[in-house]
Every structure is written in structure tokens, then in C-alpha cells.
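# Working through the structure, step by step
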Amino acid sequence: MIEVKNVSKSFGKARVLSDVSFNVGNGEVVGYVGLNGAGKTTTIRIIVGVLNPDSGDVIVDGYSVLRDKRRTSERVGWVPELPIFETEFKALDYFVYLAGYHGLSRSEAIKLGKELLSRMGLEDAMDKRLSEYSQGTKKRFALAVSLISNPPNIVFDEVLNGLDPQGIAFFRELTHEFKRENKAVLFSSHILKEVEQLADKVVFIHKGRIIGIYTVEEITRLAKPSLKIRVSSNLEEAVKILSNYGEVVAGDMEITIKINHGVNPEEIMGELVKRNIGVKEFRSEERDLETFFFELIKEAEKR
Ligand SMILES: Nc1ncnc2c1ncn2[C@@H]1O[C@H](COP(=O)(O)OP(=O)(O)OP(=O)(O)O)[C@@H](O)[C@H]1O
């Protein structure tokens, strides 16, 4: 379990994180979502112990990242956004070399290396030089390395970025596996469709502040659905009627309405027909994480 507790961080005069707190429970997959520069990577670097916070702390399975960095880093597997392996080593040899730092003997390291590299779909690339690996393959290798100590917590930084559909599917399946193994999984991403599919909970960060933490079910429930309605006549009257049901934006004979909670779209359609408004098109727009995220940002900016 990862507990981020009131973490703040500045670089020079720029405050990059302000009082950031959230938890990732065992068996929970948490998406960390924010615009470029929001502070996701900085948070992750603090969680994995390569950067110290100015204040606050991160507790990993009960150990403080400030006071017990050795224990916390053993317990967190980390895949950075752009793993750099510019080495002429072959993959398995480099794995064995890195495993040495974890106290594994050469034969143990070879056995584990073969097992983990195969699990990451790299069985045919073990004898290839790492410098020749593509970025997506480097991510798989980084993941294999991060699993050497079989950590109960996994942190992915923009792991899906730059992956082909097969790579994305691979990471999705692996995340499900980690969940089944009761690991705590945190992943930052701006591919919101994937976050929606993968995460149990989403933590939203904007300009270094947490602006919302919601389960995916809550998001589906809370995101206001919108309707697109095209009318053939009486635009003004239609707008007036629709304003009773939510927030209306009118275009050229087309109206978008973000409907209030509890309002049934059929009720709206019935009212328009009753008032003799010619309706040419009436369709529901899917509510998605992206819309929800932008609404949260809009609200946060108002504060
Ligand atoms: N070592 C550093 N020195 C100075 N400023 C930094 C440093 N690291 C990050 N920053 C700044 O902190 C802010 C947050 O950066 P961070 O990388 O955490 O954002 P992010 O949410 O991960 O963004 P992205 O989605 O673009 O990766 C940015 O304005 C960035 O320029």
C-alpha cells in the first residue's frame, strides 16, 4: 500500500506540488491524471525515493520513504516514462548484472531473468543488445527489472505512451495480473480511455494540487450526460424549454445540453414534441472521463 501524505515540493521559486495526499490500496489500480506539467512525474519520483519532498512523506507498506528508503525502494517497482538503457550489454546479461545489486547469485539471477523476460514477452530478445531495443521493448525490460524483488507495489509513469496497440494490451493484461496478486498499482497517464478501462480509482492533479479523487463508478454517476438536439424550427423557444433541464449551449439550429442529474432524456423529448418543436435529431453524447476531467479543471480554476 502506498500512502502519499501532504507532500509539497518546489524547484527554486516554482511550487510544483502543494499538499498532495492520496492512497493506493493493495489490489487497487489507481490512475494518476493531469495535464502536462501538473506534477505527476515529480510525485512518482518522490514515491520511489529518487527525490525528497520539502514537506510531507510517503508511507509504503508502513515504512517512511524519508526514514527507511532502503525498505521502501525494495517494495516499489518503478517503470519510468523513458527508461534509458544505452548499454551494449545483452538484455539477459544486463538483467543478471542488475539482479546482483539485489543480492541474487548468478545462477538465481539467470533463472529469474529468463522467467521475467519471458513473462514480459521478451523471450526472443534476451540475447539482443539493449541499445538496439525499441522504446516499447525498453519499457518491458524496465518492468522485468522492477520485478526482481517481487515488489508488492508498482508505479508506472506514462507507461502507455508511445506503445502500439499490442503493447497497450500487454500492459493492460499485466495490470490485471498485478491486481489479482493483490499488488498496489499506480499509473500516470493522459490516455484517458485507457485510464477509464484500467483504473478502479482516479486521482486528478492540476497545477500541483489534487482536485479530485473518484472511483470510476462515481465518475460514471457524476459526469453529467449531454444531449445534442437539432431542431428544424423555433430555436429560441426550444432553448427556453431546454434551459429548465440543464446547461444549454445553442448553435445554428443545434443545441447541446448538459442535463441535470435525475432528468430522463425521454422527458425532454416529450416536452419538445408537446410544444410542437420540430426535432430533426436527438442523441445522447457519451459521458467520458475526459469531459469530467475538464469540468474538474474548470471548477478548480474558479476557486
Ligand atoms: N528537476 C526539476 N527542476 C526544475 N523544475 C522541474 C524539475 N522537474 C520538474 N520540474 C517542473 O515541475 C513541473 C511539474 O513537472 P512534472 O514532470 O512533475 O509534470 P507531469 O505532470 O509529469 O508532466 P508531463 O505529463 O508533461 O510528464 C513542471 O513545470 C516542470 O517543468
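Residues numbered from 1 in each chain as written. Predicted model: local features only at pLDDT ≥ 70, side-chain atom pairs only at ≥ 80, totals over all residues. Heavy atoms only, no water.

## Digging into the sheet that holds strand β9 (residues 201–206)
Note the threshold: We call two strands paired when DSSP finds no fewer than two bridges between them. Where helices and strands are cited, they refer to DSSP runs of H or I of at least four residues and of E of at least two residues respectively, numbered from the N terminus. Angles shown run from 0 to 180 degrees and are taken between the N-to-C directions of axes, each axis being a line fitted to C-alpha atoms and, for helices, limited to the stretch in contact. By definition, residues are in contact when any of their heavy atoms lie within 4.5 Å.
One open sheet holds the six strands; their spatial order is β6-β7-β8-β3-β9-β10, and the pairing between them is mixed. What marks the edges here is a single partner per strand, and that holds for β6 (76–79) and β10 (209–215). The sheet shows a mean angle of 15° between the axes of neighbouring strands, taken without regard to direction. Strand contacts of helix α5 (residues 135–146): β6 and β7 (153–157), with the helix running at about 170° to β6, the strand carrying the most contacts. This element, helix α6 (residues 165–180), spans β3 (29–33), β7 and β8 (184–188) of the sheet and lies at about 155° to β7.

## What about the site of the ligand?
Quick reminder of the rule: Throughout this document, a residue counts as near a molecule or strand when at least one of its heavy atoms sits within 4 Å of that molecule or strand. For the purposes of these results, a polar contact is taken to be a pair of N or O atoms within 3.5 Å, where, inside protein, one atom must be able to donate a hydrogen and its partner to accept one; residues adjacent in sequence count only when each atom of the pair is a side-chain atom. Under the convention used here, a 1.4 Å probe and the Shrake-Rupley method define accessible areas, while residue burial counts only the protein chains that appear. Note on residue categories: nonpolar means Ala, Val, Leu, Ile, Met, Phe, Trp, Tyr, Cys or Pro, charged means Asp, Glu, Lys or Arg, and polar means any other residue, Gly included.
The full set of residues close to the ligand is Phe11, Val16, Leu35, Asn36, Gly37, Ala38, Gly39, Lys40, Thr41, Thr42 and Glu81. Between an oxygen atom of the ligand and a side-chain N or O atom of Asn36, the distance comes to 3.0 Å. One of the backbone N or O atoms of Ala38 is found 3.1 Å from an oxygen atom in the ligand. Alone, the ligand offers 640 Å² of accessible surface; in the complex the protein occludes 56% of this. Sort the elements by how many residues they give to the shell around the ligand and helix α1 (residues 40–47) lands first, with three residues. Class assignment of the residues belonging to the shell around the ligand gives a composition of four nonpolar, five polar and two charged.

## A look at helix α9 (residues 235–242)
To be explicit about the condition: Type-normalised accessible area, obtained with a 1.4 Å probe on protein chains alone, sets the label of each residue: buried when under 20%, exposed when over 50%, and partly exposed for intermediate values. Directions drawn from the helix axis to the C-beta atoms are what define this arc.
Within α9, burial applies to Ala238, Ile241 and Leu242. Taken down its axis, α9 places every buried residue within 95° of arc, on the same side. Facing away from the buried surface of α9 by more than 90 degrees, the exposed residues are Glu236 and Lys240.

## Considerations on the domain arrangement of the protein chain
Convention followed: As used throughout, domain bounds are those supplied by an automatic or database domain assignment.
If you check the domain split of the protein chain, you get domain 1 (2–85 + 133–220) and domain 2 (224–286). Each of domain 1 and domain 2 was reduced to a C-alpha centroid, and the two centroids are 41 Å apart.

## A look at the layout of surface pockets
Put simply, the rule reads: For each structure, a 1 Å grid was placed over the protein atoms alone; sets of points admitting a 1.4 Å probe that cannot get out are labelled cavities, open sets with protein on both sides within 12 Å along at least five of seven lines are labelled pockets, and lining residues have an atom within 4 Å of a point. Grid points are joined across faces, edges and corners, and a volume is the space filled by probe spheres set on the points.
One number sums up the size of the largest pocket: a volume of about 530 Å³. At the level of secondary structure, the elements contributing two or more residues to the lining of the largest pocket comprise α2 (69–74), β6 and α5. Classifying every residue of the lining of the largest pocket gives twelve nonpolar, six polar and two charged.

## With respect to the packing of helix α3 (residues 91–100) against α5
Rules: Just so you know how the angles are binned, under 35 degrees is roughly parallel, over 145 roughly antiparallel, 65 to 115 roughly perpendicular, and the rest oblique. The crossing is said to be left-handed when, going from far helix to near helix, the turn is anticlockwise and less than a right angle, and right-handed when the turn is clockwise.
Relative orientation of the contacting elements α3 and α5 amounts to 30°, with a least axis distance of 10 Å. Classified by the angle between their axes, α3 and α5 sit roughly parallel to one another. Two packed elements cross with a definite hand, and for α3 against α5 that hand is right-handed. Only Phe141, Ala144 and Val145 of α5 make contact with α3, whose side of the interface consists of Ala91, Tyr94, Phe95 and Leu98.

## Regarding the sheet that holds strand β2 (residues 14–24)
One open sheet holds the four strands; their spatial order is β2-β1-β4-β5, and the pairing between them is antiparallel. The strands lining the two open edges of the sheet, one partner per strand, are β2 and β5 (63–64). Sheet analysis places strand β4 (residues 55–60) next to β5, joined by two bridges and oriented antiparallel. Each residue of the ladder has a partner; that of Val60, found in β5, is Tyr63. Most of the contacts of α1 go to β2, to which it runs at about 60°, and overall it touches β1 (2–11), β2 and β4.

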